[in-house]
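Here are the chains, one letter per residue:
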Amino acid sequence: MEKLIIEGGVKLEGEVRISGAKNAALPLIAATLLAPGEHVLKNVPDLRDTRTMLKLLENLGVRSERNGDVLKIDSTDLESGEAPYDLVKTMRASVLVLGPLLARLGRARVSLPGGCAIGARPINYHINGLELLGVTCDLEGGYVDATIDGRMKGNTIYFDLPSVTGTENLLMAAVQAEGTTVIKNAAREPEVGNLVDMLNGMGARIEGRDTDRLTIHGVENLNPANCAIIPDRIETGTYLIAIAATGGEGVVTHCNPSHLPSLLEKLRATGLRIEETESTITVRQPNGSATPGPLKGTDITTSPYPGYPTDLQAQFMALMTLASGISAVHETIFENRFMHVAELQRLGAKIKVDGHTAVVDGCSMNGLNGARVMATDLRASSSLVIAGLAASGRTEISRIYHLERGYEGLVDKLTALGARVWKEQE
Ligand code: EPU
């Protein structure tokens with residue numbers, strides 16, 4: 001196993017290029033199961049999670065070939081409908097094959113993903129929605145066994161909470177259903193919009209993109225896709241916060257600032273100066289001088305898009321440990337997403353957790369000290385990287401396979417920004 005070593009206290013400066021979004025790539029790769037033929041996906045990040053999804057597809061009889069960031073996927077020979085436990089347990093998003101397999105083969109056997117470090121994360125919305133479309137779902141031996149005779153039948157589906165992968169799974173299931181399906185209280189995340197665009201490009205008829213009400217008029221056949229993955233808004237936010245936390249200034253390129261409405265306003269509220277163009281974001285320190293002024297403690301509450309993303313909660317908390325005054329971080333999406341708190345405390349952060357709220361007592365710039373810490377999940381790990389970059393001295397982060405699930409070329413990108421960071425064997 002590898003660990004990440006950071007010699008902190010260096011201001012990050014310069015430019016960093018953002019990759020395609022992990023959470024858009026995963027459903028878009030799954031959607032290639034819907035239509036036989038050769039699909040072309042562009043701007044696909046090369047990550048542990050995208051590799052896992054391709055392995056899962058290979059297991060189903062689907063071939064793929066990567067050339068740079070372009071992925072060709074030929075799903076003509078799809079034969080199996082089974083997503084086994086060994087693959088699903090390493091990546092919850094494997095459940096995204098359920099909808100497309102049912103639409104294409106009329107059957108799917110997908111291992112239940114189980115809980116994970118950030119919460120229980122059930123898939124009851126996915127299952128209930130499929131049943132409303134006429135699918136029979138049996139839960140046996142840790143698997144969902146789902147079957148349908150003929151085509152699914154359009155229906156109205158309402159989510160108690162807007163679920164991202166739930167919306168995506170049901171979109172993929174319903175595009176070829178008979179009649180019209182309406183998903184109410186659908187997730188509005190940009191990754192869902194990316195999937196809607198891909199499916200409409202394949203011949204689907206989906207209305208209501210970027211709204212909480214998606215109307216899907218079923219079609220009989222779909223064509224292979226040719227589609228680009230949107231920039232990763234969580235990677236974008238992570239680098240903006242990392243640059244800011246080290247007292248540096250820099251530009252994040254090949255991103256989409258309109259996908260980060262809440263984060264950019266929260267960064268501005270701390271005093272940071274944020275400038276946007278269509279595809280870049282520049283972050284500068286508050287007082288505009290070479291010496292960084294302390295950031296203002298700022299509260300956040302995570303909520304579904306366009307609210308503040310839960311996937312950027314841990315990173316913002318790391319930034320707030322360096323701000324002046326008190327800030328409150330409310331997590332409303334997942335019940336256990338404060339695993340990074342104990343690790344940030346090892347670097348000297350003053351944080352108290354009370355239920356779904358973490359109260360951070362900021363210690364102003366460079367108030368953290370390097371330490372040995374452990375990565376617990378993907379986004380928690382990136383908050384430890386941010387804290388380690390801002391801290392003085394050496395930080396060692398073990399279990400960095402979590403980071404490799406979602407950050408393409410992390411070490412190279414940080415090194416290009418001036419960070420002293422490298423991997424070592426544990
Ligand atoms: N929920 C249910 N039942 C369901 C589905 C969801 O109760 O059947 C609840 C969840 O427990 C949670 C809420 O609904 O409280 C929203 O969860 P959602 O279904 O939206 O999460 P997800 O689709 O499993 C995606 C991202 C996560 C991200 C969340 C929230 C992908 C592949 N994953 O997960 O990304 O945190 O949306 O925005 O898109 C990450 O990238 O690190 C990551 C965890």
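These numbers were taken from a predicted model, which means no experiment stands behind them.

**A few points about the sheet that holds strand β13 (residues 213-217)**
Argument step 1. The strand order across the open sheet built from 4 strands is β10-β11-β13-β12, with neighbouring strands paired in mixed fashion. Here the strands that pair on one side only, and so sit at the sheet edges, are β10 (156-158) and β12 (205-207). Adjacent strand axes in the sheet meet at a mean angle of 15 degrees when their direction is disregarded.
Argument step 2. Relative to strand β11 (residues 180-184), β10 runs parallel, the two being bridged by 3 bridges. Counterpart to Thr 156 in the pairing with β11 is Val 182.

**Focus on the domain arrangement of the chain**
Argument step 1. As far as domains go, the chain holds domain 1 (2-19 + 231-425) and domain 2 (22-228).
Argument step 2. Distance between the C-alpha centres of domain 1 and domain 2: 31 Å.
Argument step 3. The partner domain 2 presents 21 residues to the 24 residues of domain 1 that form the contact.
Argument step 4. When the buried area of domain 1 at its contact with domain 2 is split by residue, Tyr 305, Arg 405 and Glu 408 rank highest and sum to 31% of it.
Argument step 5. Our enumeration of links across domain 1 and domain 2 arrives at 3 salt bridges.

**Notes on the side chain of Glu 331**
Argument step 1. With respect to the element layout, Glu 331 can be found in the loop between β19 (326-330) and α11 (339-346).
Argument step 2. No salt bridge is formed by the buried Glu 331; its nearest oppositely charged neighbour, Arg 337, is found at 5.4 Å.
Argument step 3. Side-chain polar atoms of Glu 331 contact the side chain of Thr 310, separated by 3.0 Å.
Argument step 4. Among the polar contacts made by the side chain of Glu 331, one reaches the side chain of Gln 313 at a distance of 3.0 Å.
Argument step 5. Once you skip the residues sitting within four places of it in the chain, Glu 331 turns out to touch Thr 302, Thr 310, Gln 313, Arg 337, Phe 338 and His 356.

**Quick word on the pattern of salt bridges**
Argument step 1. Scanning the entire structure with this criterion turns up 25 salt bridges.
Argument step 2. For Arg 394, the salt bridge goes to Glu 7, with nearest N and O atoms at 4.0 Å. In this pair, Arg 394 sits in strand β23 (residues 394-398) while Glu 7 sits in strand β1 (residues 2-7), placing the two residues 387 residues apart along the sequence.
Argument step 3. Residue classification places Arg 394 among the partly exposed residues on the basis of a relative accessible area of 35%.
Argument step 4. Residue Asp 77 is joined to Arg 63 by a salt bridge in which the shortest nitrogen-to-oxygen separation is 3.5 Å. On the criterion of sequence distance, the pair formed by Asp 77 in the loop between β5 (70-74) and β6 (82-83) and Arg 63 in strand β4 (residues 63-67) is long-range, its members being 14 residues apart.

**Notes on the packing of aromatic side chains**
Argument step 1. Scanning the entire structure with this criterion turns up 2 aromatic pairs.
Argument step 2. With centroids separated by 5.8 Å and ring planes inclined at 70 degrees, the aromatic side chains of Tyr 308 and Phe 316 adopt a geometry described as edge-to-face. Here Tyr 308 matches Phe 316 in class, with each residue buried.
Argument step 3. Here Arg 109 stacks its cationic end above the ring of Tyr 143, 4.0 Å away from the centre of that ring.

**Let's talk about helix α10 (residues 313-320)**
Argument step 1. Summarising burial for α10: 8 of the 8 residues are buried, a large majority.
Argument step 2. Taken together, the buried positions of α10 are Gln 313, Ala 314, Gln 315, Phe 316, Met 317, Ala 318, Leu 319 and Met 320.

**Things to note about the sheet that holds β5**
Argument step 1. Spatial strand order, β4-β5-β3-β14: 4 strands in an open sheet with mixed pairing. The open sheet has two edge strands, β4 and β14 (226-228), and neither has a second partner. Taking each pair of neighbouring strands and ignoring which way they run, the sheet shows an average axis angle of 15 degrees.
Argument step 2. Of the strand pairs in this sheet, strand β3 (residues 38-42) and β14 are connected by 3 bridges, and their pairing is parallel. Considered in β14, the bridge of Lys 42 is made with Ala 228.

Here is what the cut-offs are and how they apply
- Residues numbered from 1 in each chain as written.
- Predicted model: local features only at pLDDT ≥ 70, side-chain atom pairs only at ≥ 80, totals over all residues.
- Heavy atoms only, no water.
- Pairing = 2+ DSSP bridges.
- Helix = DSSP H or I, 4+ residues; strand = E, 2+ residues; numbered from the N terminus.
- Axes fitted to C-alpha atoms, helices over the stretch in contact; angles between N-to-C directions.
- Domains from an automatic or database assignment.
- Contact = heavy atoms within 4.5 Å.
- Buried area = accessible area lost by both parts, 1.4 Å probe.
- Salt bridge = Lys/Arg side-chain N within 4 Å of Asp/Glu carboxyl O.
- Buried < 20%, exposed > 50% of the residue type's maximum accessible area, 1.4 Å probe, protein only.
- Lys, Arg positive; Asp, Glu negative; His and termini not counted.
- Polar contact = N/O pair within 3.5 Å; in protein donor to acceptor, adjacent residues only side chain to side chain.
- Phe/Tyr/Trp six-rings, centres within 6.5 Å; stacked < 30°, edge-to-face > 60°.
- Lys NZ or Arg CZ within 6 Å of the ring centre and 35° of its normal.

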